[in-house]
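Spelled out from the first residue to the last, the chains are:
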Amino acid sequence: MSHAIVTSVPVSFDDAGHGEPALVYLTGWCSTRASYAAMVEHTARRHRSIAIDWRGHGTSPAPDGDFGWQQMADDMLAVLDGCGVDRFVPVANAHAGWVTRDLAARVPGRVAGIVLLNWLVLGAPPAFTAGLAALADPATTRQAADGLTATWLDGHEGVPGLAGQIAAMRRQSDEMWARSGREITAAYAADPSPLQAFAALAATPPVRHLYAEPKDPAFLAAQQAFARIHPWFTVRRLDTACTHFPMLEQPAELAADVSRFAGLLAPKPSQSAKRA
């Protein structure tokens, strides 16, 4: 596994394995690529697997000035270009899904498919929108961040790695948490439904949603109804996982699903190669 810094606003990443299309692991706001370590270990056996820390996250240096979704997509493309990666499948936890939508619009020929993990793909419920407003307000940012992370940990302290994940997120700066509230709010304001935002693309790649919560049957039923109309979309509820971070709970199971999905998108041998 190698570590490198390649962009003008540097970001750190891990790069392991071989095989196309490459899998590129993207975290949600205020998280780090360490959350994907076990999944990368599994998928690197069949696919090149790259996990990125966003600006000011994990081991990436602090940013010089403000940034948002566009700059995050810029950094990801800079990493892939520096690594010589052409076709790739982003694997995005939570609201990193907005970066994948941007990439699918900007470089459609390179995005072979997209895997979304635990995202509110149907839209932001009112209670969540209120929480975003509290995050974005400097007067309430820390209280809102502590409350949010507490809900993710409550009752799940025994999940391997989860306590460390939450502790790392709580160490993130108030500025970054406030930025997350602002950027996520702006994204939903521009596109209230992520699934409809993907549907509006000129060329929508295959999109797969793997999620553990919410367990509300209506959330799954609405996605299944959407999938019947839009065959590029598939969904799977992880019934035996129960946290916001299923990659920590079930890394092998998620890795197997992601590898199967990416395998369907792998380049096929040419007829001449078959004859040879």
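Residues numbered from 1 in each chain as written. Predicted model: local features only at pLDDT ≥ 70, side-chain atom pairs only at ≥ 80, totals over all residues. Heavy atoms only, no water.

The next point concerns the overall build of the protein. Of the regular secondary structure elements, the protein holds 12 helices and eight strands. Relative to its length of 276 residues, the protein is compact, with a C-alpha radius of gyration of 18 Å against a globular reference of 19 Å. Each principal axis of the C-alpha atoms in the protein carries an extent, and together these give about 65 × 45 × 40 Å. Intrachain contacts of the protein at a sequence separation of at least 6 include 75% that bridge at least 24 residues. As displayed, the protein offers around 11,600 Å² of accessible surface, 57% of which is attributable to carbon and sulfur atoms. (Helix = DSSP H or I, 4+ residues; strand = E, 2+ residues; numbered from the N terminus. Rg over C-alpha atoms; globule rule 2.2 N^0.38 Å. Contact = heavy atoms within 4.5 Å. Areas by Shrake-Rupley, 256 points an atom, 1.4 Å probe, with all protein chains shown as cover.)

With that settled, the discussion passes to the layout of surface pockets. Put simply, the largest pocket is a space of about 630 Å³. Residue lining of the largest pocket: 30 residues in total, with His-95, Phe-128, Leu-148, Trp-152 and His-244 positioned closest to the centre. Only helix 4 (126–136), helix 5 (141–153) and helix 7 (174–190) provide two or more residues apiece to the lining of the largest pocket. It is helix 4 that provides the largest number of residues to the lining of the largest pocket, a total of five residues. Here the residues of the lining of the largest pocket sort into 18 nonpolar, 11 polar and one charged. Taken as a whole, the second largest pocket holds about 150 Å³ of empty space. Taken together, Trp-69, Gln-70, Trp-98, Arg-101, Asp-102, Ala-186, Ala-187, Ala-190 and Asp-191 make up the full set of residues lining the second largest pocket. Elements with a minimum of two residues in the lining of the second largest pocket: helix 2 (69–82), helix 3 (97–106) and helix 7. Split by residue class, the lining of the second largest pocket holds five nonpolar, one polar and three charged. (1 Å grid on protein atoms, 1.4 Å probe; cavity = no way out; pocket = protein on both sides within 12 Å on 5 of 7 lines; lining within 4 Å. Points joined across faces, edges and corners; volume = space filled by probe spheres on them. Nonpolar A, V, L, I, M, F, W, Y, C, P; charged D, E, K, R; others polar.)

Attention now moves to the confidence of the model for the protein. Mean pLDDT over the protein: 93, with 93% of residues reaching 70 or higher. Note that residues 271–276 has pLDDT below 50 and, in this model, one contact with residues that lie over four places away or in other chains. (pLDDT = per-residue confidence, 0-100.)

Below, the discussion takes up helix 2. Compared with an ideal rise of 1.5 Å per residue, which puts 14 residues at 20 Å, helix 2 spans 20 Å between its outermost C-alpha atoms and is within 8% of the ideal. By the burial criterion, the buried members of helix 2 are Trp-69, Met-72, Ala-73, Asp-75, Met-76, Leu-77, Val-79 and Leu-80. Tucked into the core, helix 2 has its buried residues touching strand 2 (12–16), strand 3 (22–26), strand 4 (49–52), strand 5 (88–93), helix 3 and helix 7. Positive backbone phi, approximately 75°, marks Gly-84, located one or two places after helix 2. (Expected span 1.5 Å × (residues − 1). Buried < 20%, exposed > 50% of the residue type's maximum accessible area, 1.4 Å probe, protein only.)

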